[in-house]
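Reading the structure
Spelled out from the first residue to the last, the chains are:
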Amino acid sequence: MSALLALLAGAGAGAYGFRTARRLRPARRYLVGALLGTLGAVVVSVLTGGCAYSPEVDAAQHILGIAVAGGIGLAVASGTSVVLASAKGGRDAGSIGSDIRTGTYRLGWWWPWALLLPTIVILVVFLYVPAVQTFTLSTKLVRLGAPRQIEVCLANFSELLTPNPWILVILPLIAVGVMWGLGLWKRRASLGSMSLTAATALQPFGIVVLLLALYYMFNGGPRGYRGIYVNTLVVSAGTVAGGMILGLAVAYLAFQKVRGMTVYRTLLIWPYAVSPPVAGILFFMMFDPTAGIIQHLFELVGVTFPNYREDVFLARFAVIAASTWKILGYNVLFYLAGLQNVPGDQIEASVLDGASAWQRFRYVVTPSLAPITFFLLITNLTYAFFEVYGTIDYLTRGAPAGKTSVAIYEIIRVGVENRDIGRGAAQSVLLFLAVIGLTVWQFKQSESRITYGGGG
């Protein structure tokens, strides 16, 4: 039964992913997409031996198997659609695709591939092969240094989720339905209407529903992932928001014409040269309850500063503060470069119109920095998800009671310290998919709001 549902999921996802192919009529388009999606589902079923559809595995693995078949079907159909669109001259490749003309290399078709060969080799050896090995290890019970490996199918993933199959099925459908419904409402609303204003205001509610659905889908038990999920959300959101807001504010101040500003700007960028472990050590020395400078300052006014490693709020605050300080110089650097390109004539026009300093910043400067803000949002998210291990390890080591153990810290703790390579690989796959999904969602949300100049 679950194998049949997996094929249907692959066919449905494939039809959806191939719907934008323009060379075929709609009926053929959906038919070809369904066939491609079914093919993807069959291939992944063959490669895994159909283990997720076996009656011996639990319901969570059945549901995961169906979801994987649908995801592979969507990827195959969408990828084929993109390749076909590119093959006919790139006119469908993007908004500026109509201005691009294809050409040929005089030395032959092999010349661009020869130029790309070193990069392709590096990507294959250091990225694609390790990625495939990680996916393979995530389906095994394997200990670091142990010679034997046991196939466990998707058990490493299912133990992270709630054992209730109804929650795993219903909550994602509700979340996707809410997000799709809000998007459809906004697209159908008339420009300037109250309906459009309400749809725009309620659109963030969709992502809130999705986050809540994921919270209840993860297992809240000792081997579950719910606590890690919450920690990752709190630390990542705090780091990204704090780093970008402070980065823009500091860059805007540093952009003013003040004597010695070149020196100030150089000093502001220096934290980016510090490694995350060093940032953790510096903030450990500041927050240390026995010899830290913060404890000393509080003692001067007769107040005892609590031990941050025993307080959840302070521990998370210390991790966020150290991570924000580490990424601040990077954000300042890019915002300073972006402020150089803010149109001066628009600033002068707004001054003549009587706009206040805040109105100029809100309606002229901030929109001009939108492309850089989007770029920094992606890079800051990547940093918050993947590069805070050293900071946490030197600052809190996941304390108190694992409340500062985020996804990347848990992966290394489980995979290296506990020597459970299979479970660590499953968590790394989960983190990888989360970052990919978040990045795609950001692209979808930002593509209509960001202009890069020079276009229409």
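Cut-offs applied
Residues numbered from 1 in each chain as written. Predicted model: local features only at pLDDT ≥ 70, side-chain atom pairs only at ≥ 80, totals over all residues. Heavy atoms only, no water. Helix = DSSP H or I, 4+ residues; strand = E, 2+ residues; numbered from the N terminus. Buried < 20%, exposed > 50% of the residue type's maximum accessible area, 1.4 Å probe, protein only. Areas by Shrake-Rupley, 256 points an atom, 1.4 Å probe, with all protein chains shown as cover. Lys, Arg positive; Asp, Glu negative; His and termini not counted. Charge placed at Lys NZ, Arg CZ, Asp CG, Glu CD. Axes fitted to C-alpha atoms, helices over the stretch in contact; angles between N-to-C directions. Parallel < 35°, antiparallel > 145°, perpendicular 65-115°, else oblique. Left-handed = near helix turned anticlockwise from the far one by under 90°. Contact = heavy atoms within 4.5 Å. Nonpolar A, V, L, I, M, F, W, Y, C, P; charged D, E, K, R; others polar.

What about the overall build of the protein?
- Helix and strand counts for the protein come out as 18 helices and 2 strands.
- Considering only C-alpha atoms, the protein reaches an extent of 70 × 55 × 55 Å along its principal axes.
- Counting only residues that meet the buried cut, the protein has 36% of its 456 residues in that class.
- Of the roughly 26,900 Å² of accessible surface on the protein, 69% is carried by carbon and sulfur atoms.
- Treating the 33 positive side-chain charges of the protein as one cloud and the 19 negative ones as another, the clouds have centres 12 Å apart.

Observations concerning the packing of helix α8 (residues 226–254) against helix α15 (residues 370–386)
- In contact at an axis separation of 9 Å, α8 and α15 are set at 140° when each is read in the N-to-C sense. Judged on the interaxial angle alone, α15 and α8 are oblique. Seen along the crossing, α8 lies across α15 with a hand that is right-handed. Side by side, α8 and α15 meet where Thr232, Ser236, Thr239, Val240 and Met244 of the first sit next to Thr373, Leu376, Leu377, Asn380, Leu381, Tyr383, Ala384 and Phe385 of the second.
- For the contact of α8 with α15, the residue count by class is 8 nonpolar, 5 polar and no charged.

Remarks on the environment of Ser190
- If you trace the backbone, Ser190 turns up in the loop between α6 (165–188) and α7 (194–217).
- For Ser190, a relative accessible area of 48% gives the class partly exposed.
- For the pair Ser190 and Tyr216, spaced 26 residues apart in the sequence, the C-alpha separation amounts to 36 Å.

Looking at the packing of α8 against helix α9 (residues 261–269)
- Between α8 and α9, whose axes approach to 10 Å, the crossing angle comes to 160°. With respect to their mutual orientation, α8 and α9 come out roughly antiparallel. Note on packing geometry: the crossing formed by α8 with α9 is left-handed. Of the residues in α9, those touching α8 at Val250, Leu253 and Ala254 are Met261, Arg265 and Leu268.
- The residue inventory of the contact of α8 with α9, partitioned by class, reads 5 nonpolar, no polar and 1 charged.

Read these as geometric descriptors, not functional statements.
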